[in-house]
Each structure stands twice: as C-alpha cells, then as structure tokens.
Amino acid sequence: MKRILSSLGIGSATVDTVLPTTLTAGDSVDARVDVTGGNDAQEVDSIYFALATRYETDESRGTAKIETYDLADSFTIEPDEERSFTVTIDVPYHTPVTLGRTNVWLDTGLDIDWAVDPDDRDPIQIEPDPLRETLFDALESLGFTLRTAKCEATESLFASRRFVQELEFVPRSGPFAGDLDELEVVTLPEENGFDLLLEVDRRGGLLAEHFDADERYDRVSLQPGDEADLERRLRAAIERNL
C-alpha cells in the first residue's frame, strides 16, 4: 500500500533546493539539493532542474525554459532518509532581469519511474549585469525612467529566440521630455555583449505583429569597453528617429 501511495505522490520523497535568491546573469552559483525519503524506498533516476520564465504572446502567456541542468547519477532514497547534493547552476547571460512583469524561477524535480515526480519551485531575482547596468545608467542620465518590463514571444522576428525582454522607458526630464511618449528597448545579449533594438514613440511596441520596414527603430551595439560612449550613442540614435 505504501508503494502505491508513493506512486501517486502521497508519502513520496520530497526535494528542496537551497540557493541564493538574488543572482546576476552570467553568474555561477553552488546550490544544495536536499532529498528526504517518504514512506517507502524509491529509486531516483536523476535530479533535474530548469531555470524558467514566462513570456507573452498575442493571445496568452507561455513558459520558457532558459536553461536545464541535471544530476544524472541514480540513487535509492530510503524511508525518512535525508540526503544532500551540491550542484552548480550557471545563469545564462541571456536570462532576463526581474523587473516589471518579468519573473524567473528554478524548478527542481526527482525523476522516479512509475510515480508522480516530486518537485520544488524557487523564485529568483535576477539583477542587471554590468553591461545592462550601464544601459540603465545611460538612459537615466538622459532623463528616462523605466515604466515596465516584460518578455514577449519572438518566433516571427528572431528564429533563434523564443522570447526577448522588452523594456519600456518614459522621458521624465532631460533632452527628450515632451518630444516623445516612450522609448522601447529590446536587449539581445550574447556572450560578449549586447545588441540593443530601440523604438522611439511608436504605438504597439517593438514586437508588434506587423514589424514594418518604415517604422522608426534603430540598433546599437554594446560591448565591454563601450560603456563610456553609450550615452552619446543612445542620444544620437534617439535623435535620428524623432
């Protein structure tokens, strides 16, 4: 009977991942995974992880796995036994920053044959990496304030990307106050930097269904070493599209 109940998730083993709640894209962090046995011995084929976020589509919201990891060695967890494992979580450079409507979390699960997989979910705050921090500082110097941030589906625009993060700024002061309603920025991070897609004062958003060639948008590259010149280049790009 205990084995039957465990297969249904009743009295089954449990899993809990302990890791810092605040991380930065590009970081590596060691996490501890605690597994506690249930009412009956169970064979665990692997422990698997998924760093995930939600993105918006035209009709609904989807969930995207940013990165997956696993501990492949199988083991048996005895009733009430406690076991701990250490795993290194590499936070990909393209992980979105948790601002506005953007959420990121780590799912952990135990792969147990013929049973409901026990799982655990840990919300994670993703702080801006140095290059994104430079972007935010440059826009703040130009008088912009972040209004919202969200992840949106991009299959129609970027075949290699399921989603991107869109940041929406408004000019509260500075040279563009009164000249435009908003500035939308999409960050396209790569291992060594970013491409920034900018759209100035356009209704419907950079990722609108119809991405017409005559829309006013620009592209700015941000690489390590470009930080000091970024504010000037952003200002020039915005002025070209007013």
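Above: the structure in question.
All values reported here derive from a predicted model rather than from experimental measurement. (Residues numbered from 1 in each chain as written. Predicted model: local features only at pLDDT ≥ 70, side-chain atom pairs only at ≥ 80, totals over all residues. Heavy atoms only, no water.)

Draft legend 1. Representation of the packing of aromatic side chains in the model. As enumerated under the stated definition, the model contains five aromatic pairs in all. Look at Tyr 93 and Phe 194: their rings are 5.4 Å apart centre to centre, the planes differ by 40°, and that puts the pair in the tilted class. Note that Tyr 93 is positioned in the loop between strand 8 (82–90) and strand 9 (104–111) and Phe 194 in strand 14 (residues 193–200), a separation of 101 residues in sequence. Each member of the pair Tyr 93 and Phe 194 is classed as buried. (Phe/Tyr/Trp six-rings, centres within 6.5 Å; stacked < 30°, edge-to-face > 60°. Helix = DSSP H or I, 4+ residues; strand = E, 2+ residues; numbered from the N terminus. Buried < 20%, exposed > 50% of the residue type's maximum accessible area, 1.4 Å probe, protein only.)

Draft legend 2. Main features of the nonpolar core. With 30 residues, the main nonpolar core has Val 33, Val 35, Ile 47, Leu 51 and Leu 110 as its most contacted residues. Taken together, the elements giving at least two residues each to this core come down to strand 3 (28–36), strand 5 (46–56), strand 6 (61–71), strand 7 (75–77), strand 8, strand 9 and strand 10 (119–127). (Core = buried A, V, L, I, M, F, W, Y, C linked by side-chain atoms within 4.5 Å.)

Draft legend 3. Geometry of the pattern of salt bridges. Using the criterion set out here, one finds 13 salt bridges in the structure. Asp 229 is the partner of Arg 232 in a salt bridge, and the nearest nitrogen-oxygen pair spans 2.7 Å. Classification of Asp 229 by relative accessible area gives partly exposed; the value is 29%. Across the pair Asp 229 and Arg 233 runs a salt bridge, and its minimum N-O distance is 3.6 Å. Linked by salt bridges that have partners in common, Asp 226, Asp 229, Arg 232 and Arg 233 make up one network. (Salt bridge = Lys/Arg side-chain N within 4 Å of Asp/Glu carboxyl O.)

Draft legend 4. Highlighting the sheet that holds strand 1 (residues 14–18). The three strands lie next to each other as 1-3-8, forming an open sheet whose pairing is antiparallel. Strands with a single pairing partner mark the edges of an open sheet, and in this sheet they are strand 1 and strand 8. Across the sheet, the mean angle separating the axes of adjacent strands is 25° when strand polarity is ignored. Both strand 3 and strand 8 contribute to a ladder of nine bridges, which runs antiparallel. By the bridge assignment for strand 8, Asp 34 is matched with Ser 84. (Pairing = 2+ DSSP bridges. Axes fitted to C-alpha atoms, helices over the stretch in contact; angles between N-to-C directions.)

Draft legend 5. Expanded view of the layout of surface pockets. Of the voids in this model, the largest pocket is the one considered here, and its volume is about 260 Å³. Residue lining of the largest pocket: 14 residues in total, with His 94, Arg 161, Arg 162, Phe 163 and Val 164 positioned closest to the centre. Elements supplying a minimum of two residues to the lining of the largest pocket: strand 6, strand 12 (163–171) and strand 13 (183–190). When its residues are assigned to classes, the lining of the largest pocket shows six nonpolar, four polar and four charged. (1 Å grid on protein atoms, 1.4 Å probe; cavity = no way out; pocket = protein on both sides within 12 Å on 5 of 7 lines; lining within 4 Å. Points joined across faces, edges and corners; volume = space filled by probe spheres on them. Nonpolar A, V, L, I, M, F, W, Y, C, P; charged D, E, K, R; others polar.)

Draft legend 6. Geometry of the pairing of strand 3. Here strand 1 pairs with strand 3 via five bridges, running antiparallel. Looking across to strand 3, one finds that Asp 16 is bridged to Asp 34.

Draft legend 7. Spotlight on helix 3 (residues 230–240). Along helix 3, the positions that sit buried rather than exposed are Leu 230, Arg 233, Leu 234, Ala 237 and Ile 238. In an axial view of helix 3, the angular spread of the buried residues amounts to 135°, which keeps them on one side of the axis. For helix 3, the exposed residues set more than 90 degrees away from the buried face come down to Arg 232 and Arg 240. Where helix 3 is buried, its residues contact helix 2 (130–141), strand 11 (144–153), strand 13, strand 14 and strand 15 (217–222). (Arc of directions from axis to C-beta. Contact = heavy atoms within 4.5 Å.)

Draft legend 8. Structural context of the environment of Gln 165. Within the element layout of this structure, Gln 165 appears in strand 12. Sequence-wise, Gln 165 and Pro 96 are 69 residues apart; in three dimensions their C-alpha atoms are separated by 6.2 Å. Setting aside residues up to four positions removed in sequence, Gln 165 forms contacts with Pro 96, Val 97, Thr 102, Arg 132, Ala 149, Lys 150, Cys 151, Val 185, Val 186 and Thr 187. There is a polar contact of 2.7 Å between the side chain of Gln 165 and the backbone oxygen of Val 97. Within the structure, Gln 165 has its side chain in polar contact with the side chain of Thr 102 (distance 3.1 Å). (Polar contact = N/O pair within 3.5 Å; in protein donor to acceptor, adjacent residues only side chain to side chain.)

Draft legend 9. Structural detail: the packing of helix 2 against helix 3. Where helix 2 contacts helix 3, the two axes come as close as 9 Å, and the packing angle between them is 60°. In terms of their interaxial angle, helix 2 and helix 3 are classed as oblique. Between helix 2 and helix 3 lies a crossing whose hand is right-handed. Along the contact surface, helix 2 presents Thr 134, Leu 135, Ala 138, Leu 139 and Ser 141, while helix 3 presents Leu 230, Glu 231 and Leu 234. (Parallel < 35°, antiparallel > 145°, perpendicular 65-115°, else oblique. Left-handed = near helix turned anticlockwise from the far one by under 90°.)

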